[in-house]
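# Working through the structure, step by step
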Amino acid sequence: MTTEEKPQLTDIDLTGYDQIEVLGAREHNLKNIDVTIPRNKLVVVTGISGSGKSSLAFDTIYAEGQRRYMESFSAYARSFIGDMERPDVDKINGLSPVISIEQKTTSKNPRSTVGTTTEIYDFLRLLYARAGEAFSYLTGRKMERQSQDQIIDTILEQYAGQKLTLLAPIIKSRKGHYRELFVQIAKTGYTKVRVDGVVQDIAPKMQLDRYKIHDIEIVIDRLVPKADDRYRLSQSIQTALKQGKGAMQMLDGKGQLVYFSQNLMDPESGISYDEPSPNSFSFNSPYGACPVCNGLGVVEEITEESVIPDKSLSISRGAIAPLGEYRELWIFKEIEAILKKYKLNLTTPVVKFPEELLHALMYGTEEEATVPSKKFVGEDYYSFKFEGIVNFLKRQQENSTDKIQEWLKDFMVIKPCPECEGARLKKESLYFKIDQKNISELARMDISELTEWFTGLEGRLTDRQKVIAKEILKEIRKRIGFLLDIGLDYLTLDRPLRTLSGGEAQRIRLATQIGTQLVGVLYIMDEPSIGLHQRDNVKLIDSLKNLRDLGNTVLVVEHDKDMMLESDFILDIGPGAGRHGGQVVNQGTPEEFLQNRYAGGTSTTADYLSGRRAIEVPAERRKGNGKFLIIKNATGHNLKNVTLKLPLGRMVTITGVSGSGKSSLIHETLFPVLNRHFYKSKREPLPFKTVEGLEYLDKVIEVDQSPIGRTPRSNPATYTGMFSEIRTLFAELPEAKIRGYKPGRFSFNVKGGRCEDCEGAGMKKIEMEFLPDVHVMCETCKGKRFNRETLEVRFKGKSIADVLDMTVEQGLDFFASQPKILRKVTTLNDVGLGYITLGQHATTLSGGEAQRVKLAEELSKKDTGKTLYILDEPTTGLHFQDISHLLDVLNKLADKGNTVLIIEHNLDVIKVSDHLIDLGPEGGNKGGNIIAEGTPEKVAEAKGSYTGKFLKMELAG
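Each value, and the rule that gives it
Residues numbered from 1 in each chain as written. Predicted model: local features only at pLDDT ≥ 70, side-chain atom pairs only at ≥ 80, totals over all residues. Heavy atoms only, no water. Core = buried A, V, L, I, M, F, W, Y, C linked by side-chain atoms within 4.5 Å. Buried < 20%, exposed > 50% of the residue type's maximum accessible area, 1.4 Å probe, protein only. Contact = heavy atoms within 4.5 Å. Helix = DSSP H or I, 4+ residues; strand = E, 2+ residues; numbered from the N terminus. Expected span 1.5 Å × (residues − 1). Bend = angle between axes of the 7 residues up to and from the residue. Pairing = 2+ DSSP bridges. Axes fitted to C-alpha atoms, helices over the stretch in contact; angles between N-to-C directions. Salt bridge = Lys/Arg side-chain N within 4 Å of Asp/Glu carboxyl O. Polar contact = N/O pair within 3.5 Å; in protein donor to acceptor, adjacent residues only side chain to side chain. pLDDT = per-residue confidence, 0-100.

## Some points on the nonpolar core
If you look at the biggest cluster of nonpolar residues, it comprises 136 residues, and the most contacted ones within it are Leu127 and Phe454. In this structure, leucine 127 is in contact with Gly132, Ile434, Phe454, Ala469, Ile472, Leu473 and Ile476, ignoring residues within four places of it in sequence. Counting 30 residues, the second largest nonpolar core, distinct from the first, contains Met206, Leu208, Leu241 and Val258.

See the structure below:
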């Protein structure tokens, strides 16, 4: 074979397979399907919500890949992990090592930030430790290091002929009597010490006041420096530096103190810093963390406002929240005695209290007061000094039970740390600078600003810094580049990971994976486009293609139109959800897919992609009720003095590129304001000036994507309150009455009717040493949750366990004669959740499904026509057809006069809204302005609006 004929390495798949074959997949609702997925391609798995996409991608392919990886461990290692269950599939061929990038893996740890996750902050720590320049936090002067020879030369040049005293500092600003220290100094041959600025002889049994702060230096030598007596000077300086651990002091001829140090030192004030290391800049290390907030940047404080939230009340009516209303308690007697001094009583509203009295009640007083005796009129029962409510609560916080700690949280307010002002690091670490910036200032920049700062940085560094920083800068720039490529240029490095959306966290993990440059891997991703504006979608798709071009297979579970059309292969699972799905209905390249000629059946996805079906723009948009909710001058985070004018009685959508300020304006300003007004919530909104129009609303409901429960005990039936009605129904059955069963018998959370082996969970939790806990089915009840006697009571031939195993769709027929239950089942079906079971564990629901369960729960309540519903990206995890169902539900709410406020990127939702408010123009510091508002047609024509540009194309078809 000639050189020309030899196949290139890029043409060969090292596994020997050119495709992944999945044969006989039956996990969950999959109908024994065979699937062939091309390798080294970008493959999209799509389909209606609940059709079986995740069952194929995660529960079959990823689970089998993970199991095979675990099997490569030694038997000893596997004994700690336990055997992983084999997914229900006959065979999978051509499977590579698998990496899953899901939405649910976001860390809730407040110490986890964008910088630490992407490792950019770790490289910055190394850069500052090795190339940073230290400055004094007292004088601002650059810190100096001096060698022994430099110190000698300085003394000979500047202090020649003066009578000098060389000192070795050993105690600096510390309390103690130091009796043993003076004995030890005397034993080493020194006769004089300088204590608190006074030179004195060491006397027998010499000691200091142990409760005062002292400075102690050993007098090493007294001399007049001469050039020909350099030897004596060098010996004395060597001794002083040794005793002072690298630092020494000197009294010159005028008695002025001069500082010298081999460490970093301010020659003016004498303060010195420890030698910097990467840990000195870590807020997760005691060497770098701020001592007040322990590196969190915030502190929890008990404040006067949280203790007395409503000053119009009197103390007897419960003005002091921790105490509640008046009772026969000693603390009320003491407060009454203090009030008597001011000629006030417990029924006086707090607003009338003088400032001095309020301070005494909150923080205590040194003045004695007396509680009069009830028994002996005119005599005192006892005298006391009042401790103060805030001081009392703080003392309880320091040493009390978990229950009391939980109770105290109601009176805690989170504030920026007063010491580090949110920088998280100790003072010394913040005075190491590169190009006039400390590490915290860099962490607070968004990625686009950071890119600009690093551009041409070498030109602003010294030659020494350039040599040290060369490789570090290469690594930092590479990682910043990955974040820019996936549209996260608006994030800052100090942003906590727990504040990111599922899509943002997933894209950060994607950036980290691109950086590893692995080859031959199968990446499985769960809707990475969540929360991403169409403008940035292009960057994400390019990143996935780069991952593919390295020689990897990228499998994406996705509903995004652009992602599907840009992919190499589309696989559509359906045709319906739950038991109506689980089959391949269409597959092929985008061109083949759009033709919809696959033998598996009609593909709804292909119809929507090709335009044969569409979500129609309404012929007429709602005019609303003419009233407005107005928030003026909102300035939180990146908002630039924004005034939000929200028209009521309409469906309003907030749009804008990722990071433009949508969440800051709605979730962190508007919702806390309304929550505080209607429900007395303690959560503080971001800064704003005034709010108008609250009288036009009577309640606010926020429907976000947080889980409906964190344990398998929570499920859609319990969350919506349907399960209480079902238990009452079963308790009313003749068989239950004969046996004397009450509704509690049919609860899996109460002893009596539940399986006691698993305590009604249906599964047991196995705690893993090194991995997340694993839940396995209970062998006693086989996952049914109840004991045999309870399961013998049946309604229409179904036990309580059978009812929990029903899908919502089946429940519609089963509960047709039970109006209370039927209303809740119907709303679950209306929001597109007909495929989930009534008792499905909350831990298995996606963010979008949890959000729709919450929406259904709210919809099943009676609305007033004056309700404001706030939804955060409700299209997450929804297929085109499901979006159509969701819009029907939201339109019903708006038609009744309610206001529906949606934060959304999906153009199908945007184009059918009555009113749009577009933020931007960019993300981060370049956003935070309202750049367009009005009907979708009006916003489509707005110049400078990215949303308008894409909306114009969508409206034009």
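Once the structure has been displayed, the description carries forward.
## As for helix α1 (residues 53-71)
Relative to the 27 Å expected for 19 residues at 1.5 Å per residue, α1 spans 26 Å between its end C-alpha atoms, a close match to the ideal helical length. When the local axis directions of α1 are compared, the greatest deviation, roughly 30 degrees, occurs at alanine 63.

## A closer look at the sheet that holds strand β25 (residues 642-647)
Judged by pairing direction, the sheet is antiparallel, and its three strands sit side by side in the order β25-β24-β27 without closing on themselves. If you trace the sheet from one side to the other, it starts and ends with β25 and β27 (690-692), each paired once. Neighbour-to-neighbour, the strand axes of this sheet turn through a mean angle of 10 degrees, independent of strand direction. Pairing geometry for strand β24 (residues 628-634) and β27, over three bridges, is antiparallel. Looking across to β27, one finds that lysine 632 is bridged to threonine 690. In the packing of helix α21 (residues 662-679) onto the sheet, contacts are made with β24, β25 and β27, and the angle to β24 comes to roughly 120 degrees.

## Concerning the pattern of salt bridges
Applying the stated rule across the entire model yields 49 salt bridges. A salt bridge links aspartate 895 to arginine 622; the shortest N-O distance between them is 2.9 Å. Of this pair, aspartate 895 sits in helix α30 (residues 880-895) while arginine 622 sits in the loop between α20 (604-610) and β24, placing them 273 residues apart in sequence. The buried category is assigned to arginine 622, whose relative accessible area is 16%. A salt bridge links glutamate 735 to arginine 739; the shortest N-O distance between them is 2.8 Å. Pair noted here: glutamate 735 and arginine 739 are both in helix α24 (residues 734-739), with a separation of four residues, about one helical turn. Judged by its relative accessible area of 30%, arginine 739 falls in the partly exposed class. In this structure, a network of salt bridges that share partners links the residues Glu64, Arg67, Arg68 and Glu71.

## With respect to the environment of glutamine 810
On the secondary structure map, glutamine 810 appears in helix α27 (residues 808-814). On the basis of relative accessibility, which here comes to 28%, the residue glutamine 810 falls in the partly exposed class. Expressed as a C-alpha distance, the spacing of glutamine 810 and threonine 837, which sit 27 residues apart in the sequence, is 9.0 Å. Reaching out from glutamine 810, the side chain makes a polar contact with the backbone nitrogen of threonine 807 at a distance of 2.8 Å.

## What to know about the confidence of the model for the protein
On average, residues of the protein carry a pLDDT of 89, and 97% of them reach 70 or more. The lowest-confidence element of the protein is strand β30 (residues 774-777), averaging 74 in pLDDT; the highest-confidence one is strand β26 (residues 651-656), averaging 97. Confidence over residues 1-12 falls short of pLDDT 50; this stretch has four contacts with residues more than four positions distant or in other chains.

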